[in-house]
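Below, each chain spelled out in residue letters.
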Amino acid sequence: MTTRGFFLVGFALPALALAFAYYLEYALGLEPCPLCIFQRVTMAGVAVFCLIGLLHGPGPLGHRVYAVLATLSALAGAAIAARHVWLLHLPADQVPACGPGLDYLVDVMPLTEVLATILRGDASCATVEGAFLGVSLPAWTLLCFLVLSLWTLAGVFGLGTRRGHDD
């Protein structure tokens, strides 16, 4: 596999996942919770780093740098998705209370406090709004992040560093 082929695959999966998330939001009316929004941001990070690698077609060192950045974004997304799945499985009496909306938090708090507040999650993050094949959407997102983490980590260790005549 060539560098461009590796990054094309690395770009396509998060792009499709994001397209599906926006379809659920705008076509089916499923409102994303704050943790869902953070998962979208990290998914976009993977897509952007892979897109840059795809367009740049770097040598082996650059390939690994882009793969490391994509891996870090995928691992951050996996951590957020794992937290979301954990919140979904908490007993009702242990779920954090609903807090103010993201817009309000950004207006009144420093960014570090906003991030900490969002990552704690609240009741809006602990309700299953959608599922596919009996599995919650955050669990599917976690699976997607784990696949992306493995894919991009393989790139760190050399998968796709062969330069083809398409580069």
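Everything quoted here is computed from the prediction, not taken from an experiment. (Residues numbered from 1 in each chain as written. Predicted model: local features only at pLDDT ≥ 70, side-chain atom pairs only at ≥ 80, totals over all residues. Heavy atoms only, no water.)

Turning to the overall build of the protein chain, a few remarks are in order. Within the protein chain, the secondary structure is distributed over six helices and two strands. Going from N to C terminus, the protein chain has its helices and strands arranged as α-α-α-α-α-β-β-α. Counting the 167 residues in the protein chain, one finds 40% classified as buried. Put simply, of all contacts in the protein chain between residues at least 6 apart along the chain, 84% involve residues at least 24 apart. A total accessible area of about 9000 Å² is found for the protein chain, and carbon and sulfur atoms account for 71% of it. (Helix = DSSP H or I, 4+ residues; strand = E, 2+ residues; numbered from the N terminus. Buried < 20%, exposed > 50% of the residue type's maximum accessible area, 1.4 Å probe, protein only. Contact = heavy atoms within 4.5 Å. Areas by Shrake-Rupley, 256 points an atom, 1.4 Å probe, with all protein chains shown as cover.)

Time to look at the UniProt feature "transmembrane region" (unreviewed entry) in the protein chain. As recorded in UniProt, the feature "transmembrane region" (unreviewed entry) lies at residues 37-55, 67-86 and 139-160. Summarising residues 37-55: 100% helix, 0% strand, and an end-to-end C-alpha distance of 26 Å. Taken as a whole, residues 67-86 contains 100% helix and 0% strand, while its terminal C-alpha atoms sit 28 Å from one another. (UniProt positions renumbered as here; feature names shortened; annotations may be inferred.)

The next thing to look at is the packing of helix α1 (residues 3-26) against helix α2 (residues 34-56). Orientation of α1 relative to α2, taken along the N-to-C sense of each, is 145 degrees, at an axis distance of 8 Å. As for how α1 packs across α2, the hand of that crossing is left-handed. Contacts between α1 and α2 involve R4, F7, L8, G10, F11, P14, A17, L18, A21, Y22 and E25 from the first element and R40, M43, A44, V46, A47, C50, L51, G53, L54, L55 and H56 from the second. (Axes fitted to C-alpha atoms, helices over the stretch in contact; angles between N-to-C directions. Left-handed = near helix turned anticlockwise from the far one by under 90°.)

With the rule as written, the count across this model stands at five aromatic pairs. Ring centres of F6 and F7 lie 5.0 Å apart, and the angle between their planes is 80 degrees; this geometry places the pair in the edge-to-face category. Taking relative accessible area as the criterion, F6 reaches 0% and is therefore assigned buried. Judged by centre distance (6.1 Å) and plane angle (10 degrees), the rings of Y22 and Y26 are stacked. Of the two residues, Y22 and Y26 are both situated in helix α1; the distance of four residues between them amounts to about one turn of the helix. Here the basic side chain of R40 rests over the ring of Y22, its NZ or CZ set 4.5 Å away from the ring centre. (Phe/Tyr/Trp six-rings, centres within 6.5 Å; stacked < 30°, edge-to-face > 60°. Lys NZ or Arg CZ within 6 Å of the ring centre and 35° of its normal.)

Counting residues in hydrophobic clusters, the biggest one holds 19 residues, and the most contacted among them are F7, M43, V46, C50, L142, F145 and L148. Listed by contribution, the elements that provide at least two residues to this core are α1, α2, α3 (60-88) and α6 (137-156). Sort the elements by how many residues they give to this core and α3 lands first, with seven residues. Not counting residues within four places of it along the chain, the set of residues in contact with C50 comprises F7, G10, F11, A70 and T152. Counting residues in each nonpolar core, the second largest holds six residues, with C33, L35, F38 and I80 among its members. (Core = buried A, V, L, I, M, F, W, Y, C linked by side-chain atoms within 4.5 Å.)

Moving on, we get to the side chain of T71. By the element assignment, T71 lies in helix α3. There is a polar contact of 2.7 Å between the side chain of T71 and the backbone oxygen of A67. Beyond its immediate sequence surroundings of up to four residues, T71 is in contact with S149, T152, L153 and V156. (Polar contact = N/O pair within 3.5 Å; in protein donor to acceptor, adjacent residues only side chain to side chain.)

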